Every structure is written in structure tokens, then in C-alpha cells.
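Structural overview
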Amino acid sequence: MRRPWHDLARWIARARPPVTTLIRALVSGTLASAASLTLLIGAPYLLVEASGQPGWHAIAGLLIVVELVAFLRSPLRFIERMSSHELGLTAVVRWRRWLTATVGTWPYARFMSAATGDLLERALADTDVLQDLWLRSVIPFASIALALLGGDVVVAFMKSTTIDAPLAAITLFAAQVVLVVLMVSQLPTLVARERLLRSARSRRAATRLELQSAASELELLKLGGEVRRRLERQNVLVANAERRSRRSRRLLNLLVALGPFATLFLVEGYANHAIVMVGHDAVVVALLAIATIELLVVTKQSLVIAVAVTAATERLDALENDGGSGTHVFPEHSFMDVENLTWTIDEQPLLQRVTMSIPSGRRVAITGASGAGKSTLLRLLARLEDVPVGTVTVDALDVTAISEESWRAHVSYVGPVPALLDGVVDDVIRVGRVTTDDVSSSLASLGLRVAATDRFARLSQGEAQRASLVRGLLNEPTIVLLDEPTNGLGPDERALVLARLRSLSATIVIASHDPDVISLCDDVYELANGRVTLLSR
Amino acid sequence: MEENDRVELGLSPTGIRWPALGALHAVLALSAAVCLAFALTALAHNEGGRALLFLLATLALRGFPDLFFQHFLSVNEERVRTSWHDASATQLAYCDPGELHILDASIDAVAGASSLMLIRSSAVVGLVALPVIFVIGGWLSGLLVVGLLSLSIPLYIRAGRRSEAFAADFHRRRAQLVGRQIHILRAITDLRALGAVAHGADDIAAASQAENRAVLDAIRVTIKSSLVTEFLAGVSVGLVAMVVGFRLLDGTTVLWRALVAVLLTAEMFALVRRYALEFHRREDAERAREVFLQWTLPILPISGRESLALHAVTTGAPSAPVTLQVAKGERVVLTGPSGVGKTTLLNTALGLVPPVTGVVRRNAFRVGLVRAENHFLDATLRENLALGTTRTDSALFAVLQSVGLTSPAFRDLDRPLGDDARRLSTGERVRLAIARAVLHDSDLLILDDVAEFLDEISRDHIRRLISQRPDITVVEAGHDVLILRSPDHVYEVTYA
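Within any chain, residue numbers begin from 1 and follow the written order of that chain's sequence. The naming scheme follows written order: chains are lettered A onward, ligands numbered 1 onward. Confidence filtering applies because this is a predicted model: local features only for residues at pLDDT of at least 70, side-chain atom pairs given and counted only at 80 or more, and all residues used for totals across whole chains, interfaces and linings. The side-chain figures draw on all heavy atoms in the structure; neither hydrogens nor water molecules are used.

Topic: the overall build of chain A
Looking only at helices and strands, chain A features 19 helices and 12 strands. Both definitions apply: the radius of gyration is a C-alpha atom measure, and the globule rule equals 2.2 Å times residues to the power 0.38. Relative to a compact globule of 537 residues, whose C-alpha radius of gyration would be 24 Å, chain A shows 34 Å and is clearly more extended. A principal-axis box enclosing the C-alpha atoms of chain A has dimensions of 110 × 60 × 50 Å. A simple rule labels every residue: compare its accessible area, found with a 1.4 Å probe on the protein chains alone, to the largest value its type can have, and call it buried under 20%, exposed over 50%, or partly exposed in between. Relative to its 537 residues, chain A shows a buried fraction of 53%. Here the analysis covers contacts within chain A between residues at least 6 apart in sequence; of these, 79% occur between residues at least 24 apart. The method behind every accessible area is Shrake-Rupley, applied with a 1.4 Å probe, and residues are considered shielded solely by the protein chains displayed. Summing over all exposed atoms, chain A offers an accessible surface of approximately 23000 Å²; the carbon and sulfur share of this is 59%. The helix count covers DSSP runs of H or I at least four residues long, the strand count covers runs of E at least two residues long, and both are numbered beginning at the N terminus. In this description, contact between two residues means that some pair of their heavy atoms is separated by no more than 4.5 Å.

Describing the packing of aromatic side chains
Here is the rule: rings of Phe, Tyr and Trp (six-membered ring for Trp) pair when centre to centre is within 6.5 Å. Planes less than 30 degrees apart are stacked, more than 60 are edge-to-face, and the remainder are tilted. Under the criterion given, the structure shown has eight aromatic pairs over all chains. Seen in terms of ring centroids, Tyr-108 of chain A and Phe-111 of chain A are 6.5 Å apart; in terms of plane orientation they differ by 40 degrees. Their pairing is tilted. Residue Tyr-108 of chain A and its partner Phe-111 of chain A are located together in helix H4 (residues 108-116), separated by three residues, close to a single helical turn. One aromatic cluster in this structure is built from Trp-11, Trp-95 and Trp-98 of chain A. Any Lys NZ or Arg CZ that is within 6 Å of a ring centre and within 35 degrees of that ring's normal is treated as a charge sitting over the ring. Stacked on the ring of Phe-410 of chain B, the Lys or Arg Arg-415 of chain B has its end atom at 5.6 Å from the ring centre.

Observations regarding helix H11 (residues 280-311) of chain A
Think of an α-helix as 3.6 residues a turn; residues three or four steps apart then line up on the same face. Helix span, expected: 1.5 Å multiplied by one less than the number of residues in the helix. The terminal C-alpha atoms of H11 of chain A lie 48 Å apart, and with 32 residues this matches the ideal 46 Å at 1.5 Å per residue to within 8%. Most of H11 of chain A sits out of view: 26 of its 32 residues are buried.

Structural notes on a nonpolar patch on the surface
All names here are of chain A. Side chains of Leu-146, Leu-149, Val-153, Phe-157, Phe-173, Val-177 and Val-181 sit close together on the surface and give an oily, nonpolar patch of about 630 Å² of accessible area. Every element with two or more residues in the nonpolar patch is listed here: helix H6 (127-156) and helix H7 (165-184). Its place among the elements puts Val-177 in helix H7. Every patch collects residues that have over 30% relative accessible area and no salt bridge, joining them within 9 Å if they carry like charges and within 5 Å if they are nonpolar side chains (Val, Leu, Ile, Met, Phe, Trp, Tyr). Note on definitions: salt bridges are taken to be side-chain nitrogens of Lys or Arg within 4 Å of carboxyl oxygens of Asp or Glu.

Remarks on the packing of helix H1 (residues 18-44) of chain B against helix H4 (residues 113-126) of chain B
All names here are of chain B. With their axes 7 Å apart at the nearest point, H1 and H4 run at an angle of 50 degrees to one another. Judged by the inter-axis angle, H1 sits oblique to H4. Along this stretch, H1 crosses H4, giving a crossing that reads as right-handed. Of H4, the residues touching H1 (which contributes Trp-18, Pro-19, Leu-21, Gly-22, Ala-23, His-25, Ala-26, Val-27 and Leu-30) are Ser-114, Met-117, Leu-118, Ser-121, Ser-122, Val-125 and Gly-126. Looking at the contact of H1 with H4 residue by residue, the class counts come to 10 nonpolar, six polar and no charged. Structural elements are reduced to axes, namely lines fitted to C-alpha atoms, with helices fitted over the stretch in contact, and the angle between N-to-C directions of any two is expressed from 0 to 180 degrees. Working definition: roughly parallel below 35 degrees, roughly antiparallel above 145 degrees, roughly perpendicular at 65 to 115 degrees, and oblique for all remaining angles. Two helices crossing with the near one rotated counterclockwise from the far one by less than a right angle form a left-handed crossing, whereas a clockwise rotation gives a right-handed crossing. Under the scheme applied here, ten amino acids are nonpolar (Ala, Val, Leu, Ile, Met, Phe, Trp, Tyr, Cys and Pro), four are charged (Asp, Glu, Lys and Arg), and all others, including Gly, are polar.

Quick notes on the pattern of salt bridges
For the structure shown, the criterion picks out 42 salt bridges over all chains. Across the pair Arg-273 of chain B and Glu-230 of chain B runs a salt bridge, and its minimum N-O distance is 3.6 Å. Pair noted here: Arg-273 of chain B is in helix H9 (residues 255-278) and Glu-230 of chain B is in helix H8 (residues 197-250), with a separation of 43 residues, a long-range link. Connected via shared salt-bridge partners are Arg-77, Glu-80 and Arg-81 of chain A together with Glu-230 and Arg-273 of chain B.

Quick look at the side chain of Glu-217 of chain A
The residue Glu-217 of chain A is located in helix H8 (residues 187-220) in this model. Here Glu-217 of chain A is in contact with Glu-373, Asn-374, His-375 and Arg-436 of chain B, once residues within four sequence places are set aside.

What about the sheet that holds strand E12 (residues 531-536) of chain A?
Residues and elements named next belong to chain A. Within the open sheet, the six strands sit side by side as E6-E9-E10-E3-E11-E12. Their pairing is mixed. Each having just a single partner strand, strand E6 (411-414) and E12 make up the two edges of the open sheet. This sheet shows a mean twist of 20 degrees between the axes of neighbouring strands, independent of strand direction. DSSP calls a pair of strands paired once it identifies at least 2 bridges connecting them. Pairing of E6 with strand E9 (residues 479-483) involves four bridges; the strand directions are parallel. Among the inter-strand pairings, Val-414 is bridged to a residue of E9, identified as Leu-482.

Some points on the confidence of the model for chain B
Residues and elements named next belong to chain B. Of all residues in chain B, 96% attain a pLDDT of 70 or more, and the chain-wide mean is 84. Each residue carries a pLDDT value, the predictor's own confidence for that position, ranging from 0 to 100. Across residues 1-7 the pLDDT falls below 50, and counting only partners more than four positions away or on other chains, this stretch makes 13 contacts in the model. Across the predicted assembly, pTM comes out at 0.78 and ipTM at 0.80.

Focus on the interface of chain A and chain B
Across the boundary between the two partners, chain A contributes 110 residues, which contact 122 residues of chain B. Once two parts are put together, the accessible area they lose, assessed with a 1.4 Å probe and summed over both, is termed the buried area. Taken over both partners, the interface formed by chain A and chain B buries close to 10400 Å², and the fraction arising from carbon and sulfur atoms is 68%. Remark: the boundary between chain A and chain B carries nine salt bridges. For Asp-202 of chain B, the salt bridge goes to Arg-97 of chain A, with nearest N and O atoms at 2.5 Å. N or O atoms closer than or at 3.5 Å make up a polar contact, with two conditions inside protein: a donor-capable atom paired with an acceptor-capable one, and, for residues adjacent in sequence, both atoms drawn from side chains. Connecting chain A to chain B are 23 residue pairs in polar contact (both at pLDDT 80 or more). With 25 residues, the single largest contributor to the side of chain A that touches chain B is helix H3 (residues 56-103) of chain A.

A word on the nonpolar core
As used in this record, nonpolar core signifies buried Ala, Val, Leu, Ile, Met, Phe, Trp, Tyr and Cys residues forming a set joined through side-chain atoms within 4.5 Å. Counting 85 residues, the largest nonpolar core has Leu-310, Leu-334, Leu-432, Ile-434 and Leu-447 of chain B as the members making the most contacts within it. Apart from the residues within four sequence positions on either side, Leu-334 of chain B is in contact with Leu-324, Lys-342, Leu-345, Leu-346, Val-475, Glu-476, Ala-477, Gly-478, Tyr-491 and Val-493 of chain B. With 81 residues, the next largest nonpolar core counts Leu-46 of chain A together with Leu-55, Leu-148 and Val-262 of chain B among its residues.

Structure below.
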């Protein structure tokens, strides 16, 4: 059973606002709303007073004050809106940072399914609702609520002969609170309907995408009607869900329409011993009761946005993390042992009970046909995938017991496809790591003549491959795992890379079918049919 | 798509006259303001009963009509969305998957059109309050209101345009930023391997911050613009209050007139403002309709014995202009080096893309398009063949046999093919597509580079099938291996 309030709180926790901006927005918003109320109530009230023709100057003065308030309202709103926008934008930055950090801890398999399933793109698109949450929900609601509270307080302290002011104020306040609570309590129902609507819509989008590929061929066969028929089915389902969602809002709409009535009745009936509250002061109370409409409209708007945010919680669920990593430091001895490692895809075993032993400082090659599982094996060794069956240990310590930070500092993995190579050379190679290595001489040793302050510009495959390798070898890792490092390299370039690898004292595991690379290695394994066999030592 | 197939897409399937509803809305809003004025006057004069009645009337006029307007608007929107989504089934044939969101955006624009019509007529009818203000509030109040309103309207419109321009710019920037972030997220495993995930997160945060600064600057301009309009409305109400206030003090007017003048001014400005800020949306529905229909290309018909004719056609591919005619029942081969654009030429000939230059004429009949990337529905074998028509099992088996699909996998018609029939080999897909085309009596069969995916036995099956149907026009594109052994014509597509 879902808990909508809990879900809403989770979202807000992910996108916390900066406190000073929040206060600025609230204060200016409340003052702006108060100015609006003053204008709405003050102008008629002063006209009522003026008709009684008391002191000329007093009334004239007050009318001018009202005019000034009208002037002030706009700048105050400006500050409120700018602050609200800032809040929304900051929330978005925090959300994106959190998203990246979270996705960065995922095993490769989980990441691939999220990327192909569009999850990441949609999660980034969620920023709209996050911005709305502050801009059109929290701040406007808080502003008008506080301003009305202020109005109630003013009424409470009115010195009146015709009405029981404190009682009127309390009744007003109570009515407002009850109405808001009634509306807000609708959140769970609204969220439930919204979730159904969203799943109907995404099912339709999926159907549409699926139909789209066959649509032109069927259209040419003049059988486009079949596509239409299948889509119609989905459309009907979505329309039904939309209708149900609309119906669930009926109570909200009714409260917005009836709320002010109820308030007025309560105040008129309760607050006075006479049958109806009258007099000049009653004007103020009546207008305040009518102003409650504003509060109810804003509450409804806020609810709609809160519903949108909360209903997207599946995305949050899909993103949130389970489990952490170990706490041990990388051990002193770096011999690696793999035992009974098994990996299945779609119920087909890719790796079957793979067992191998990689002593410290050894150079190991893994060969095999493409698709045999070399990349997956390397990723498992690199701890970029979670080991489902079997163990991978370093110095007899299970790799998952080692802290992520310590692991990454000692174990380097360079994938087959170089990526993220645009930007300033120094930034691209270091990626935020501290190093004593000379970046440009490392690059030069592999034939890339660039200065650390240059920008990498449109690298060829070979250049990208080498830059990626330099990046992976920064800070002399203890264990180096390379996936096809000589792919796309010409003979001269390959020689440079091999020379570099020969100069390393680290343990090296390379997946490759390049004979030069294989001859460089001490142990050569072949991966075929899920099994690993030692070819030579 | 034929002209007479095009569906009439309307904006108001419920038949509601939005302008009339909008006028009603304005009248009710203005009446509510007048009722409130009377209510407050009664309160001031200690007439409790009258006051209560008028207050209740005010609330009734404000609250309940909105309920009905909302209801009608939602129902209409629902129907619009459903009917346009239904109609979009045809657009699917012509647009790319990447363009689907444009389709959605145009449906959204159209769905919002009815509320715009309501707001517009509400604002126009709201101006009826002007003469009333003149009469009741006096000529000075009237002049003030007219003056400030005429000052406000262009400002409102400008504010609306500014926020629209901002919104467009914002979406463009956001798409760029999201693109960059997706780029980093896609390579997150590489960053993880380098222990640099935090660095990536910082990069994204920094880029977002820079983006925020630009956005805030733009927002500042738009907010200022819209606040100027709000300011004018507030000032107008204040000034009118002052004017009638002084007249009250003078004794030259009475309370109810003063209150009516002030409250009507406030209400009228509210109605006009609402429309002016949405003013820029009025073109959206029209544009949406155009966008929606852009993908449907009319086919220029051809008569006589010709079934297909291209005249000096060039496409986006690097082929030289092509001129050819294909008569009914002919067997024609298109050759040319791979990459020259034979497939693009065929797509152009079939009306899936417009030609860059030249004219395409085609007879409006059924076309069976067969290529290696044929697509199927996520349904059973039977459904994929019958495609909504009723066919007997024996008819289906017969056509499967004629293309040589007789293996056990194809004996069970209720076997689901799965998502886009992934489990089938390319050769099987090609033959299934041919079976589909033949079953539905295609007049034109296009074989786009499929011979190499079939073994010789299968090719013979197809050849036999084709020779048994001399009425089908067959156009084959290919180079080395071909199904058509002795075509009537061979056209060579060359580079420009």
C-alpha cells in the first residue's frame, strides 16, 4: 500500500531548498498577498466609512494609503516570484546532482536497462514538477494562508459595537482550517487515480511506439485501419482513466464553490447574538469570508501539483538505492581469485562456473569470439557489475567488502568505447582526481601531442582510444583491466601502447584478440561457451 | 493518404458554443460584483436580511457557474484528445518515432483551444461594464478606466508575448542541457570505473547553475512585464476608489454607486487581463492542426495502364534525377551501387517522403513493401497475416506454403510472434511480409534488397508465386542476387 504523504516527503527531501531564499519568498509573498487583501477589503470599507461622512481628512488620508498599498503590491510580488523561481531552480540542481550520484553507484546491468528504458531521460524531465512545486504550490499557498491569518488577527482585535469581533475571527479561522484540511485530505485518492491515469497513458505511448514501426507498411497495404483499431482500444482506456481522475476532483471543486458559503454561514450564525451581523465592521468580515475563495483556489492548485509530484514516485523508487558498499581498505596483496563465477542473460548462461587465479603483477590475456562474454567478465572483475553467483576476491577478501573509494583508487577499468573526451585536456584526463603525473607527457608517450590547457577537438578513433588509456592509467593503479585497448589503432600507435603496458608493474588483465597483445601477456585464457580454459602460461 | 480519407478534426466535438458560454461567464462575473456592492451597502446601512441575501447571491454567482464551466471544459478536452489521438493513427505511418512528441504537443495545443475561446469572449463581453461605470461612477471614473484600460491592453499583450518567447527559449535551452546531461549519464559507468562519479555530478550541477542564471535573467524581464500590467489594474481600482470616495465625502454620490463603480472596475480588469495574457495562444490551435496534417501527403493519381511514374525525381540521397514508368503487371528491376539511394527513391515513390525535386505519380492501390527491416505487430501469426480481416485457416496456410514457410514454427497460427517478431530470422521475416502482401491482394509488390536474405529454394518459391500472379506489378531493388530473373525493364540508379 503506497503512502502518498511519505512519497511527497521523499521528493521534497531530494530537492531541498536553500533556507534564506525560502524565507525571502515567504515573507515577500505574504506581504504581497496582504497588500492584495488590504486593497480588496480596504477600498470598499473606506467607501463605506466615507458615506457616513466623518472626518474628511482621515478618510482622504486612508484612501491615499490604500492607493500606496496598490503601488506596493507589484514590487512585493516581483520579489516573491523571483525567489520562488530561484527555489525551483535550486531544487532542480539538487535533484540532478543526486540523480547522477545515484546512477553512478549502479551495476552496469541495471544502468543499461534504465538507459534503454528511457528512465533516465524521464527522470531528468521531472524537473518541471519540481519547479512547479515551489513556484505554484508551496509559496503561493503559504503566502495567502499567512495573509488571511493576518486578516483574521486584525478582525480579532477590531473594536466593534455591532459584532463580536474575536468570535468572528475565531470562526473565520476555524472555517478556513477545516476547509483546507478537507481538501488536502483528498491527496491519497487523487494520487491513486493519477497513478492509474499515468500507467494508462504510458501503456498507450508504448503501444503507439510499437505500432508506429509497422504503421507505414500497413498503410501502404491499405490496412491502416488495423493500426487505428488497436490504438482506439488504448485511447478508450486512457479516456476512462481521465474521466475517473476528473470525477475524483469533484469533491475538491465542490469545496471551492461551497466553502465561502459555509464560512459566511458560520460567521453570520455563530459570531453574533443577533440574527445577522451588521454594521461597517461587518463589511470587513464579509469581505474576508469572500477572500477565502482565493485560499481554496490556491489550495486546489497546490494539490494538483502535489499529486503530479507524488504520482511520479515509481520513478523515485526505480532510482533509489539499495545497499551500500564495504568499508575495508584495499588489501596489501593484490592477487585476484575468481571462483565459480556464473552469469546468465535471458536464462542463457554466458559465463559458467568460471574459475581463475591472477597473481600480483601478472599479465593476463582473455581471448574468445566476439559476444563470448569477455567484456562482461572484465566488468565483473572491475566490480562494475554485481556478482550474482560465485566470488571474486582480492587477497582472499571479497571485493564487495572493499570501500568503493579505495577500490577505484587501486583498480582501473578502461572500456572498449571511449567516451567523455570533450573539454580541456587536463580536466578530461584527470576528471577531478588529484595527481602528480604529468598529463601532457603521459599523452605524448602515446603519440598525442597536446598541452594540458588545450581542448580536445574531434579525436579520431585511435586518438580517443589512447587518451582513454592515459586517463585509465593515471596514478598508477594496482590492477588494470582493459577491454580491447588496441582497437582501431595503426601499427605505430599499437607499438606505443604495448610499450606503455610493458612498462607497467601493475597486474594487467586484457580482453583482446590482437596477437601482439597476447604475446605480451604471461597467461592466456580462452573464453568459449561460458567456460574459461588456460591456453598457455 | 487520400483526400477523402482525411478525417475532419474538430475543436469542439461536444458541440458547445464556447463564445456564448464565455459571454455568460462575463455576465455572471459582473453581476456578482454588482451583488456584492449591494450586499456591502446593506451591511453598512444595518439591513441584515438584505445583506445576507445579496451576499449569498454573490457567492452563488461566483462559485457555482465555475463548477459548470470547468465541467464542460474538461469533458470537451477529453473528447478532443480522444478524437485527435484516434486520428493520429494515420499520422503514425508518416512520421518518425522522434517526431511523436511533436504530435503530442499539437494535441495539447488543440485541447486547450476551447478554454481560450471561452476566455476571449468573456473578456470582450466584460467590456460591457465600461458604459455602466460611466453612468454609475461618473465621467471622471469612466475616463480613468478607459484611459488605463487602453494603456493596459497593449502592455498585457506584450507581457503575454514575452512569456511565450521566454517559454520557447526556455524549452530550447532545457533540451540542450538535458542532452548534455544524458551524454554524461550515458557514460556514467566509465566515470564510475575512474572513481569520478562525484566529478560528473558536479559537472552537471555546475552546468545547471549556469543555466539557472540565464533563466533567472530572462524570468526577470518577463515578470517585470507582467507585473506592470498587474500594477496598472491595482492602480486603476485605487484611483477609481479615490475619485468616488471624494465624491462620497462631497455628498455628490451614494454608497451603492460608489461600490458598484469600484467593484465593476476590478472585475472588468480581471477578465480582460486573463485574455490578454493568453492572447498569444490563439494561433497555437491553428498551427497545431497544420503540424498534425503535415505528414499526410496526397498522391498524384495516374491513369491508364501505368501504375507508377517518376519524372526527374531527386531525393535526399545522392542519386541522379530518375525518370521511369512502370506499367501494370510489369516486372522491373532497379539496380545501382549500395548507398546510392535506391531505398530512399522507393520511399519517395511510395509517398512516404516528399521528393526534393520532380514529380511522383502513383496509382492508388495496395502496395506490399518488403524489405529486411519489415515490422510486425506484437500479436499472433494469424493476426499478423489477417490484419483485421476474416480469413480462413486454409487460406492462411496456403499463402504461407506459397512463400515456403512450412516449418513447424509456422504450423501454429495462434503462436504469438512477440515484440516485432524478433525471434524470426531475416529470411523468414521477408517471406512473411511477402505472404502478407499477397494475401491482401497487393497490386504492387516492392522488393527492396531482399534476395540476399533468402536461400535459392526460397527464391524459387517466390519466383513461382510471382509467375502465378501476372497481374501484380513487381519492382525489385538490388544488385548482385535478384529474385526477378527476366525483368521487363532494368533501370540503373546512378550517382549525381
